[in-house]
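Chain by chain, the residues run as shown.
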Amino acid sequence: MNIEDIEIKRPLRIVFMGTPDFSVPILDALIKNYKVKAVVTQPDKQVGRSGKIAKPPVKRLAEEHNIVVIQSNKIREDYNQIIDLDPDLIVTCAYGQILPKELLDYPRLGCINVHASLLPKLRGGAPIHRAVIEGHSKSGVTIMYMAPGMDDGDIISKKEVEITDTDTASTLHDKLSKLGSELLIETLPSIIEGTNERIPQNEREVTFAPIIKPIDEKIDFSKTSREVYNQIRGLNSFPGAYFMLEGKRFKVWESIIVDEYFPNKLDGEIVKIYKEGIGVKTHNGVIVLTVIQPEGKSRMNAKDYLNGLKETLVGKIIG
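Reference entry: report on the structure contained in this document. (Residues numbered from 1 in each chain as written. Predicted model: local features only at pLDDT ≥ 70, side-chain atom pairs only at ≥ 80, totals over all residues. Heavy atoms only, no water.)

### A closer look at the packing of aromatic side chains
Within the structure shown, the criterion is met by two aromatic pairs. Each ring, one from Phe243 and one from Phe250, has its centre 5.2 Å from the other, and the planes form 5°; the classification is stacked. Under the relative-accessibility criterion, Phe243 is labelled buried at 2%. Relative to Tyr305, the ring of Phe250 has its centre 5.6 Å away and its plane inclined at 75°; by these criteria the two rings are edge-to-face. Of the two residues, Phe250 is situated in strand β11 (residues 248-258) and Tyr305 in helix α10 (residues 302-307); the sequence distance between them amounts to 55 residues. (Phe/Tyr/Trp six-rings, centres within 6.5 Å; stacked < 30°, edge-to-face > 60°. Buried < 20%, exposed > 50% of the residue type's maximum accessible area, 1.4 Å probe, protein only. Helix = DSSP H or I, 4+ residues; strand = E, 2+ residues; numbered from the N terminus.)

### What about helix α7 (residues 169-193)?
Between its first and last C-alpha, α7 extends 36 Å over 25 residues, near the 36 Å set by a 1.5 Å rise per residue. Residue Thr187 marks the point of greatest curvature in α7, where the axis turns by about 35°; the proline Pro189 follows within four residues. Looking one or two residues beyond α7, the residue adopting positive phi is Gly194, at roughly 75°. (Expected span 1.5 Å × (residues − 1). Bend = angle between axes of the 7 residues up to and from the residue.)

### Brief notes about helix α9 (residues 225-234)
The element α9 is extensively covered by neighbouring structure, given that eight of its ten residues are classed as buried. Lining the buried residues of α9 we find α6 (127-133), α7, α8 (214-217), β10 (241-245), β11 and β14 (286-294). (Contact = heavy atoms within 4.5 Å.)

### Focus: the nonpolar core
Formed by 39 residues in total, the largest nonpolar core has its most connected members in Phe16, Val91, Ile112 and Leu184. Top element by residues in this core is α7. It accounts for eight residues. Dropping the residues within four chain positions of it, Val91 is found in contact with Ile14, Val15, Phe16, Met17, Leu30, Ile112, Val114 and Leu184. (Core = buried A, V, L, I, M, F, W, Y, C linked by side-chain atoms within 4.5 Å.)

### Concerning the pattern of salt bridges
Opposite charge on two side chains allows them to pair when their charged atoms are near. Scanning the model with the defined rule gives 18 salt bridges in all. Between Arg198 and Asp154 there is a salt bridge, and its shortest N-O distance comes to 2.9 Å. Here Asp154 lies in the loop between β8 (138-145) and β9 (155-162) and Arg198 lies in the loop between α7 and α8, a separation of 44 residues in the sequence. Here Asp154 falls in the partly exposed class, since its relative accessible area comes to 23%. For the salt bridge of Lys265 with Glu269, the shortest nitrogen-to-oxygen distance reads 4.0 Å. The class for Glu269 is buried, based on a relative accessible area of 11%. (Salt bridge = Lys/Arg side-chain N within 4 Å of Asp/Glu carboxyl O.)

Given below as structure tokens:
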């Protein structure tokens, strides 16, 4: 055999694109199992009242491993620096910007995404929050090929997890992040070898998970107790559900449903003080607010807040 007939294979070039905490275990799993050529993430930004500049979580992990970091405000315009790396595969997870078609089409193994829902359910930017808010009994992670549309590419693999009655957006976030890292490492060999499945999404089953807006954060006590309960845990630990009382904002972090009904009271009326907290009438019963955060203060047990009051809250309307 002549030396010319021997194919010299270069190491697989993987570029990872992601930004928040959710992406960190996925990148970490990649680093432990493959050579990551570069990491692309959102620019550093100011956080908190101090305006301190903070690095994205993914950037911090990349720097720990001396991996090249690329940051851009407009990846649609700056994608050539990624193409210059000649990636074989691009892996994305909660990156935060739409990729141009030129970049999607470049890697020989494609661009794949780790999405925190069981596609085609809950396409969009807030699938974890929406799964809890909407009262889903299960969620999961989907590995998919990226396409120009929003989360509409072909499915490669997916795995589901139960959403328990006590899960919050925070606990589900951690479950799915871990699950995503495991599923990615299980799925990558088939993608590299070209033996993976490629399943088109059923457009008739599509639902959406739009990002959380301020209007989604205010509690509507005219809804059922279960809907209010799901909203509170679906916004825990960020950004938090809230109500207004006498011109001040109170965030609610935890609650329980009690089996009582006050037919002659108004929705949003504080009807009873329970040992666990503040009982508020809903459309079909009572929700007890157990952990709250008064405006300008730290979160606390509602009973501790009540102990510091000089007047009763019963009979007051909140909303």
